[in-house]
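So you can see what is in the structure, the chains are spelled out below.
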Amino acid sequence: MRWAQLTLVEDDPGKFDPKFWLDYFKRIQADAVCLSAGGCVAYYPTTIPLHHRSAWLGDSDPLGELIAGCRQLGMVVIARTDPHATYDDVQEAHPDWIAVDDAGKRRRHWASPEMWVTCALGPYNFEFMTAVKREIMQRYRVDGIFINRWDGSGQCYCAHCQENFRTATGHELPRTNNPQDPARRAYVLWRQQRLFELWQLWDREVRAIHPPAHVIPNTGGGASSSLDMQRIGELAPTLFADRQARRGLAAPWANGKNAKEFRATLGRKPIVGIFSVGLEEPYRWKDSVQNPSEFQLWAADGVANDLRPWFTKFSGTLHDPRWLKPVETLYRRYAGWENYLRNERPLARVGLVYSQQTGWFHGGRVEEHIDGWYQALIEARIPFEMVHDRLLAPEQLAPFKTLLLPNIAALSKAQCQQLRAFVQRGGSLVATHETSLYDEWGAKQPNFGLADLFGVDYAGQTHARMQNTYLRCEHSTAQPHPLLRGLEDAPRIIHGVARLEVTPREPFSSMPLTLIPSYPDLPMEKVYPRTTKTGVAQVFLRELGPGRVAFFPWDIDRTFWEVLCVDHFKLLRNAVAWATNEPPVIEVSGPGMLDVTVWQQRHSFTVHLVNLTNPMMMKGPVREFIRIGEQQVRVRLPAGVKPRRVHLLAANKTVRAKRDGEFLTATVPSVLDHEVLAIDV
Ligand SMILES: [Zn+2]
């Protein structure tokens, strides 16, 4: 539930104080640890030829000493290995173990130029690192072996990669990144196959020695990650989400997003969120200490989304101790909350779909469409899960009423059929832009795979970049349209940036948004609309029995992420509410920006409120928490649930709650960083 990582550096042995760390692990109530073992540097007396012992090791065994100490504390212990870099003696003995660049040169390490970069898909990993893992497991019988940077450092052109790829696929290694190049497409799949073979080989070898153990490669991510999450979800008993901190314009909810991406394919398996106490910028100040509020907020959003926290610290010798106390505060809080953090299931009814095949074969800015939705759902305080596009079977979609398809361009016929069946069962869809206009290999199709659900056909033309284009809000005098809630006083709003021309298959009774075409944005004298009313619908809303389908043939989500216009936010929020068409799982009203998640545990329900209200929300790092005022929480509990006690975990007090049918209403007086409303049942 609470992980510590101590990654030793080569000169730590004999210099760092193991007792200091063991005391710290105990004080913070950490119950699991990841310790440096071998690969790049061995921190134990290895007997494997060419396995580089720390030059400071002497006769010592710091790994063994730390493992013994952690076991005395009752901690789960996993060993860390890193195979991505090696030394001159290895290069001389086995030149074919070294990665080769596209010019045919063996690669020196970019940051430590006296070292070499290894080939991930050849004998260095398949033979040498297998021997290292076997030795570690034989000596220490650890609970698992974590493998960092195991999947290569860019494409390798070594003799093994050339030959293995040719034998497997008939192609020469690709020289372009174009996913429509047959060799590139084959490589995308072949590389994954090699890595999954490697993973399974390591796992088999380790478990032959110690059956309860596993290897856990450092992998996983969202639509833009390179290894198939569906397969990872099947193979991994647990997984560590290695998104250590935000940088640049990353939003603080990005840690929770990682949790949702992982949970989409790992289900209820435990997922751990690695966070760094330092800054994570391209300049890699690996020994730095971040402002505590920043990493506490990062960890809090992960925990609210079911990540088990894992702090990572490099170097056993402390260069800056300022993080020790804040991590202790955080971990002791989570230790106190432990029963309420053992989640059984989320109560969210909305699923945000992500598609790696769209990322691999269609390309484009997949994450920006997803992030636009993500931000809108956070702002709207709608709890949601993420859904992998290859896991759309009825039982996998059973928890959801509504699926959001953020420009899920590449979909197979079978996937479209699964979505069709979902709607037939009463599910709803909100889809944007080019969703289903390409097949699963990223080849453009003459029409949407989901044209029958959208009620429109693709008319063959895409406007990739619109300037100064608007949407006319078609307010009905009889009945305000739910899609235009909050826009009652807006005659028009901005359009997106890209749109498709479509032809309706049938007359649509309501067309709440119509096109005001682009007109010049310069010279200023020429900036006046040439046409104000076209009647060309820009959103298509259909009721198909209990299911509803909303289709925006433009990039509302991506534009929202880029521009963050509140009018687009309202459309996204309203589209979800209209499509979902049932009482919300939760409503939280009050000031501020909150990530709201709702969970069931064995004997309780919890509502997490993570306070993202901060002038640094969209550009970190956070300097301080800013307390927000009263929040009214109205949560819908499953039928028959009888609350015994309602209390706040951070404020540590009982609150009065009102029961009204299936709803429970309570007031949270304020939220500093992270409050949990716990309902014991
Ligand atoms: Zn290679």
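Structure's up top.
Position numbers for residues start from 1 in each chain and track the written sequence from start to end. Confidence filtering applies because this is a predicted model: local features only for residues at pLDDT of at least 70, side-chain atom pairs given and counted only at 80 or more, and all residues used for totals across whole chains, interfaces and linings. For the side-chain quantities, the full set of heavy atoms in the structure was used; hydrogens and water were omitted.

1. Some remarks on the coordination of the zinc ion
Short version of the rule: The donor definition counts N, O and S atoms within 2.8 Å of each metal and applies 3.2 Å to Na, K and Ca; water is not among these atoms, so some sites may look incomplete. Square planar and octahedral assignments, for four and six donors respectively, both demand that opposite donors be over 155 degrees apart and that all other angles lie between 65 and 115; tetrahedral needs four donors with all angles between 85 and 135 degrees, and anything else is irregular. Secondary structure counts use DSSP, requiring at least four H or I residues in a row for a helix and at least two E residues in a row for a strand, with both numbered from the N terminus. Only protein chains enter the accessibility calculation, which uses a 1.4 Å probe. A residue is then buried if its area is under 20% of the maximum for its type, exposed if over 50%, and partly exposed in between.
Distances from the zinc ion to its protein donors, Cys119 (SG), Cys156 (SG), Cys158 (SG) and Cys161 (SG), fall at 2.3 Å. Here the zinc ion is ringed by 4 donor atoms whose angles at the metal span 105 to 114°, and the overall shape comes out tetrahedral. Mapped onto the sequence, the donors of the zinc ion take the spacing C-x36-C-x1-C-x2-C. Taken together, the residues cysteine 119 in the loop between strand S5 (116-117) and helix H4 (123-140) and cysteine 161 in helix H5 (residues 159-169) connect sequence positions 42 residues apart. Residues cysteine 119 and cysteine 161 agree in their burial class; the two are buried.

2. Describing the sheet that holds strand S24 (residues 594-600)
For clarity, the threshold we go by: At least two DSSP bridges between two strands are needed for those strands to be called paired.
Across the sheet, which stays open at both edges, the 6 strands sit in the order S11-S24-S25-S31-S27-S28 with antiparallel pairing between neighbours. The open sheet terminates on both sides in strands that have one partner only, identified here as strand S11 (345-346) and strand S28 (653-654).

3. Concerning the environment of serine 604
Put simply, the rule is: Note on definitions: a residue-residue contact is assigned when non-hydrogen atoms from the two residues lie within 4.5 Å.
Secondary-structure assignment places serine 604 in strand S25 (residues 604-611). For serine 604, a relative accessible area of 4% puts it in the buried group. Along the sequence, serine 604 and asparagine 343 sit 261 residues apart, while their C-alpha atoms lie 9.2 Å from each other. Other than its neighbours up to four places away in sequence, serine 604 contacts Tyr340, Trp599, Ile679, Asp680 and Val681.

4. What about the pairing of strand S23 (residues 586-589)?
Of the two faces of S23, the one lined by Ile586 and Val588 is fully buried and the one lined by Glu587 and Ser589 carries no buried residue. As judged from the 4 bridges shared by S23 and strand S26 (residues 631-636), these two strands associate in the antiparallel manner. The partner of valine 588 across the bridge, within S26, is valine 633.

5. Remarks on the layout of surface pockets
For clarity, the threshold we go by: Method remark: on a 1 Å grid restricted to protein atoms, a set of points is classed as a cavity if a 1.4 Å probe fits but cannot get out and as a pocket if it is open with protein on both sides within 12 Å along at least five of seven lines; lining residues have an atom within 4 Å of a point. Grid points are joined across faces, edges and corners, and a volume is the space filled by probe spheres set on the points.
In this structure, the second largest pocket spans a volume of roughly 630 Å³. Contributing to the lining of the second largest pocket are 29 residues, with Arg263, Leu266, Gly267, Arg268 and Pro346 lying nearest its centre. For the lining of the second largest pocket, the elements supplying multiple residues, two or more each, are helix H8 (254-266), S11, strand S13 (384-388) and helix H14 (394-397).

6. Re the state of the cysteines
What counts, and what does not: The rule for a disulfide is simple: a pair of cysteine sulfur atoms within 2.5 Å.
For the coordinates displayed, the defined rule picks out 0 disulfides. Between cysteine 40, a cysteine without a disulfide, and cysteine 34, which holds the nearest cysteine sulfur, the sulfur-to-sulfur distance is 15 Å. Owing to a relative accessible area of 22%, cysteine 40 belongs among the partly exposed residues under this scheme.

7. Digging into the packing of helix H17 (residues 556-563) against helix H18 (residues 566-580)
Axes are the key here: two packed helices are described by the angle between their axes and the distance separating the axes. Condition: Only C-alpha atoms enter the line fits that serve as axes; for helices the fit covers just the stretch in contact. Angles between N-to-C directions range over 0 to 180 degrees. Each angle is binned into one of four classes, with values under 35 degrees roughly parallel, values over 145 roughly antiparallel, values of 65 to 115 roughly perpendicular, and all other values oblique. Left-handed is the label given to a crossing in which the near helix is rotated counterclockwise from the far helix by less than a right angle, and right-handed is the label when the rotation is clockwise. Residue type decides the class: Asp, Glu, Lys and Arg count as charged, Ala, Val, Leu, Ile, Met, Phe, Trp, Tyr, Cys and Pro as nonpolar, and the leftover types, Gly among them, as polar.
At a closest axis distance of 9 Å, the pairing of H17 and H18 adopts a crossing angle of 140°. Considering their axes alone, H17 and H18 lie oblique with respect to each other. Both H17 and H18 take part in a crossing whose hand is left-handed. Judged by residue contacts, Ile556, Thr559 and Phe560 of H17 engage His568, Phe569, Leu571 and Leu572 from H18. For the contact of H17 with H18, the class distribution of residues is 5 nonpolar, 2 polar and no charged.

Treat this as a map of the structure, not an account of what it does.
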